[in-house]
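# Notes for the structure review
Read off the chains here:
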Amino acid sequence: MFRSRAERKVEAAGYDPARLPPGQYLTERWPVLHAGTVPDTDLATWDFQVFGQVENPLTLSWEEFTALPTRELTTDIHCVTRWSRFDTSFKGVHWSELA
């Protein structure tokens, strides 16, 4: 069976080539997803707001936000710019904690 170079690299890395969608390539890096510098944030004045068409508007400080329960999720990412990254872990506050 013919395999693309991208699929052969996935297989050589120990993954099932079926996890890679057609036209994608596997990366272990995080592509740069912003332009310019990342601004410094003063966490003493940072807040998270839920507002607009909601029953109960909410404002949390950094300390209040980081005290909420967190969840961890591991998933594959397939970007529209053609890269894929397998087994990517994210940890954070699930939206249901804010509902």
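Just so we're clear, the structure is a prediction, and the values are computed from it rather than from any experiment.

Moving on to the sheet that holds strand E1 (residues 25-26). Across the sheet, which stays open at both edges, the three strands sit in the order E1-E5-E4 with mixed pairing between neighbours. The sheet is open, and its two borders are formed by E1 and strand E4 (71-78), each paired with just one other strand.

In this section: the side chain of arginine 85. Inspection of the secondary structure puts arginine 85 in strand E5 (residues 83-92). The buried charged residue arginine 85 lacks any salt bridge partner; its closest oppositely charged side chain belongs to glutamate 28, at an N-O distance of 5.6 Å. Those residues within four positions of arginine 85 in sequence are excluded, and the remaining contacts are Leu26, Thr27, Glu28, Arg29, Trp30, Thr75, Asp76 and Ile77.

Moving on, we come to the packing of aromatic side chains. Evaluated as defined, the whole model comprises six aromatic pairs. On the numbers, 5.0 Å between centres and 85° between planes, the contact of tryptophan 46 with tryptophan 62 is edge-to-face. With a gap of 16 residues between them, tryptophan 46 in the loop between E1 and strand E2 (47-50) and tryptophan 62 in helix H2 (residues 62-66) connect regions that are remote in the sequence. Using a relative accessible area of 31% as the deciding quantity, one classes tryptophan 62 as partly exposed. Joined through ring pairs, the aromatic side chains of Trp46, Phe48, Trp62 and Phe65 make up one cluster. The ring of phenylalanine 86 carries arginine 19 above its face, with NZ or CZ at 4.4 Å from the centroid.

Counted under the stated rule, the structure contains two salt bridges. When the shortest N-O distance is used, the salt bridge between arginine 19 and aspartate 76 registers 2.6 Å. Linking arginine 19 in the loop between helix H1 (5-12) and E1 with aspartate 76 in strand E4, this pair joins segments that are 57 residues apart in sequence. One salt bridge connects aspartate 87 with arginine 19, and the closest N-O pair in it is separated by 2.9 Å. Of this pair, aspartate 87 sits in strand E5 while arginine 19 sits in the loop between H1 and E1; the two residues are 68 residues apart in sequence, bridging distant segments of the chain.

Criteria and cut-off values
Residues take numbers from 1 onward in each chain, read along the sequence in its written order. In keeping with the model being predicted, local features are shown solely for residues with a pLDDT of at least 70 and side-chain atom pairs are shown and tallied solely at 80 or more, while totals for entire chains, interfaces and linings include all residues. Side-chain figures throughout are based on the complete set of non-hydrogen atoms in the structure, without hydrogens or water. Here, a strand pair is defined by DSSP locating no fewer than two bridges between the strands. Secondary structure is summarised from DSSP: a helix means a run of H or I of at least four residues, a strand means a run of E of at least two, and numbering begins at the N terminus for each. Residue burial is assigned from relative accessible area. The probe radius is 1.4 Å, only protein chains are included, and a residue is buried under 20% of its type maximum, exposed over 50%, and partly exposed in between. Charge assignment in this entry is limited to Lys and Arg as positive and Asp and Glu as negative, and neither His nor the chain termini are counted. In what follows, salt bridge is the name for a side-chain nitrogen of Lys or Arg lying within 4 Å of a carboxyl oxygen of Asp or Glu. Residues are treated as being in contact if the distance between any of their heavy atoms lies within 4.5 Å. Here a pair means two rings of Phe, Tyr or Trp (six-membered ring of Trp) with centres within 6.5 Å. Their orientation is stacked below 30 degrees between planes, edge-to-face above 60, and tilted elsewhere. Geometrically, a charge over a ring is one whose NZ (Lys) or CZ (Arg) sits within 6 Å of the ring centre while staying within 35 degrees of the ring normal.

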